[in-house]
There are 2 protein chains.
Amino acid sequence: MRSRRSVRDYSERTVSEESLERITGAGLLAPSGADRLPFTFVIVRDGETKEMIRTLSEAADVVFHENLAGEVGDWMKARKISTDKPFLTQAPALLVVAGDTRMPYWQESTWISIAYMALAIEAEGLASVTYTPTKTDFLNELLDIPIDFIPQVILPIGCPKEKLEPKDARPEGKVFLEKYGAE
Amino acid sequence: MRSRRSVRDYSERTVSEESLERITGAGLLAPSGADRLPFTFVIVRDGETKEMIRTLSEAADVVFHENLAGEVGDWMKARKISTDKPFLTQAPALLVVAGDTRMPYWQESTWISIAYMALAIEAEGLASVTYTPTKTDFLNELLDIPIDFIPQVILPIGCPKEKLEPKDARPEGKVFLEKYGAE
């Protein structure tokens, strides 16, 4: 958890089938509402499909970025996070995770599963970033995902170009005892 | 991930401050939308407050359980999961996690953080269950949590009365290559 960092810049090294299996295997260990496992995973390695996903994600994000303001906008600008998403074609694999809207607590359960996979990716010595385009219905169409499922994230999976420093927890003003505001 | 099981039956053993600090510390390491950490944690150990939380949670769940049907209803009945929530008073600590609705991707980020804490609880040799009452606004009132925050989960934290078997991943029909439906 401490060493896992969000990575937007990947080397050209490939990712093994075995790593991908262990990563998706971890996602399937997540607890879920009524144990329904309300999610589906599609692994994309095909270059043309990745190009399509990148083009359509960048197009979807244009409006979002035009309307960015305040602290979040400043944070994104400082990190040069723009509508440009090179990691979607750079990473050797994209893992698209979609939640099954027919199930109870489907979104909550799907994000627990995504967290498990983000940690499994780190355990493989690989890296990722939890990227969600502003619109996701193009993924249903492109990957034949039934409309009952809403894509929640595209996890690029690859080797980081450079190793980032582990991060520190910042507990200030986040943890309270008995009542909000009491430390 | 494999050994972590959802536990609804706790022993009377207490939970140390240090364990709780490491658990909430893990939650603060979660990646979040624009790195906003859009959540707040309230640890409840007070017996009367736990009683109130249990009473109000059980009341909130009555309507939900009355309307249960189909597979999910059967699953819950088979596991004797009812509106009765003894773990809310039995566990020595309750960790209430609320998401800050003003932040981008607040719910997604909050559930990554909850997953991190569920795993940290396991790493402490403790157990939990991701329990969300059908209504949660009573928690805002009871714990002084500002209305910008929506409570997402009550994690009971304690020692399991009995150790459950590790679980197996069930990959059937969940992981696809290139397109949904293709294995």
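Everything quoted here is computed from the prediction, not taken from an experiment. (Residues numbered from 1 in each chain as written. Chains lettered and ligands numbered in written order. Predicted model: local features only at pLDDT ≥ 70, side-chain atom pairs only at ≥ 80, totals over all residues. Heavy atoms only, no water.)

(A) Spatial organisation of the interface of chain B and chain A. At the interface, 59 residues of chain B touch 59 residues of chain A. Together, the buried faces of chain B and chain A total about 5,600 Å²; carbon and sulfur atoms form 61% of this surface. Looking only at chain B, the three residues that lose the most surface to chain A are Leu29, Glu178 and Tyr180 of chain B, adding up to 14% of its buried area. In this structure, the connection of chain B to chain A is made through two salt bridges. A salt bridge links Arg36 of chain B to Glu71 of chain A; the shortest N-O distance between them is 2.7 Å. Counting the contacts that link chain B with chain A gives 28 residue pairs in polar contact (both at pLDDT 80 or more). Contributing elements (two or more residues each) for the side of chain B that touches chain A: α1 (17-27), β1 (39-44), α3 (70-78), α5 (106-123), α6 (137-143) and β4 (175-177) of chain B. Ranked by the residues each element gives to the side of chain B that touches chain A, the list is headed by α5 of chain B, at eight residues. Here the residues of the side of chain B that touches chain A are counted per class, giving 36 nonpolar, eight polar and 15 charged. (Contact = heavy atoms within 4.5 Å. Buried area = accessible area lost by both parts, 1.4 Å probe. Salt bridge = Lys/Arg side-chain N within 4 Å of Asp/Glu carboxyl O. Polar contact = N/O pair within 3.5 Å; in protein donor to acceptor, adjacent residues only side chain to side chain. Helix = DSSP H or I, 4+ residues; strand = E, 2+ residues; numbered from the N terminus. Nonpolar A, V, L, I, M, F, W, Y, C, P; charged D, E, K, R; others polar.)

(B) Up close: the side chain of Ser32 of chain B. All names here are of chain B. Within the secondary structure layout, Ser32 lies in the loop between α1 and β1. When its relative accessible area of 14% is taken as the criterion, Ser32 is described as buried. A distance of 3.3 Å separates a polar atom in the side chain of Ser32 from the backbone nitrogen of Arg36. With near-sequence residues (within four places) excluded, Ser32 lies in contact with Leu37, Pro38 and Ser109. (Buried < 20%, exposed > 50% of the residue type's maximum accessible area, 1.4 Å probe, protein only.)

(C) Region of the structure containing the pairing of strand β2 (residues 93-100) of chain B. Residue and element names in this part refer to chain B. Summarising burial for β2: eight of the eight residues are buried, a large majority. Residues of β2 alternate between two faces, with Ala93, Leu95, Val97 and Gly99 on one and Leu94, Val96, Ala98 and Asp100 on the opposite face, all of them buried. Across six bridges, β1 lies against β2 in antiparallel orientation. Across the sheet, residue Phe39 finds its bridge partner in β2, namely Gly99. Here eight bridges tie β2 to strand β3 (residues 149-157), and the two strands are oriented antiparallel to one another. Residue pairing for β3: Val96 is matched across the bridge by Ile154. (Pairing = 2+ DSSP bridges.)

(D) Spatial organisation of the packing of helix α5 (residues 106-123) of chain A against α5 of chain B. Running from amino to carboxyl end, α5 of chain A crosses α5 of chain B at an angle of 60 degrees, the nearest separation of the two axes being 8 Å. Classed by the angle they form, the pair α5 of chain A and α5 of chain B counts as oblique. Like other packed secondary-structure pairs, α5 of chain A and α5 of chain B cross with a definite hand, here right-handed. Along its contact with α5 of chain A, which presents Gln107, Glu108, Trp111, Ile112, Ala115, Tyr116 and Leu119 of chain A, the element α5 of chain B presents Gln107, Glu108, Trp111, Ile112, Ala115, Tyr116 and Leu119 of chain B. Grouping the amino acids of the contact of α5 of chain A with α5 of chain B by side-chain chemistry returns ten nonpolar, two polar and two charged. (Axes fitted to C-alpha atoms, helices over the stretch in contact; angles between N-to-C directions. Parallel < 35°, antiparallel > 145°, perpendicular 65-115°, else oblique. Left-handed = near helix turned anticlockwise from the far one by under 90°.)

(E) Just helix α3 (residues 70-78) of chain A, in detail. Residue and element names in this part refer to chain A. If you check which residues of α3 are buried, you get Val72, Gly73, Trp75 and Met76. One face of α3 carries all of its buried residues, which in axial projection span an arc of 160 degrees. Away from the buried face of α3 by more than 90 degrees, exposed residues Glu71, Asp74, Lys77 and Ala78 are located. Residues of α3 that are buried in the fold lie against α2 (47-66). (Arc of directions from axis to C-beta.)

(F) Local environment of the sheet that holds strand β2 (residues 93-100) of chain A. Strand order in the open sheet formed by four strands is β3(A)-β2(A)-β1(A)-β4(B), with mixed pairing between adjacent strands. Edge positions in the sheet fall to β3 (149-157) of chain A together with β4 of chain B, since each of these pairs with one other strand and no more. Ignoring strand direction, the axes of neighbouring strands in this sheet form an average angle of 20 degrees. Where helix α1 (residues 17-27) of chain A meets the sheet, its contacts fall on β1 (39-44), β2 and β3 of chain A together with β4 of chain B, and the angle it forms with β1 of chain A comes to roughly 165 degrees. Of the strands in this sheet, β1, β2 and β3 of chain A touch α2 of chain A, which is tilted by about 115 degrees from β1 of chain A.

(G) Structural context of the side chain of Asp100 of chain B. Residues and elements named next belong to chain B. Positionally, Asp100 belongs in strand β2. Polar contacts involving the side chain of Asp100 include one to the side chain of Arg102, which spans 2.9 Å. If sequence neighbours within four positions are ignored, Asp100 has contacts with Pro38, Phe39, Trp106, Asp148 and Phe149.

(H) Structural view of α5 of chain A. Taking 1.5 Å as the rise per residue, α5 of chain A with 18 residues should run 26 Å; its terminal C-alpha atoms sit 26 Å apart, in good agreement. Of all the 18 residues making up α5 of chain A, 17 are buried; the element is thus mostly covered by neighbouring parts of the structure. (Expected span 1.5 Å × (residues − 1).)

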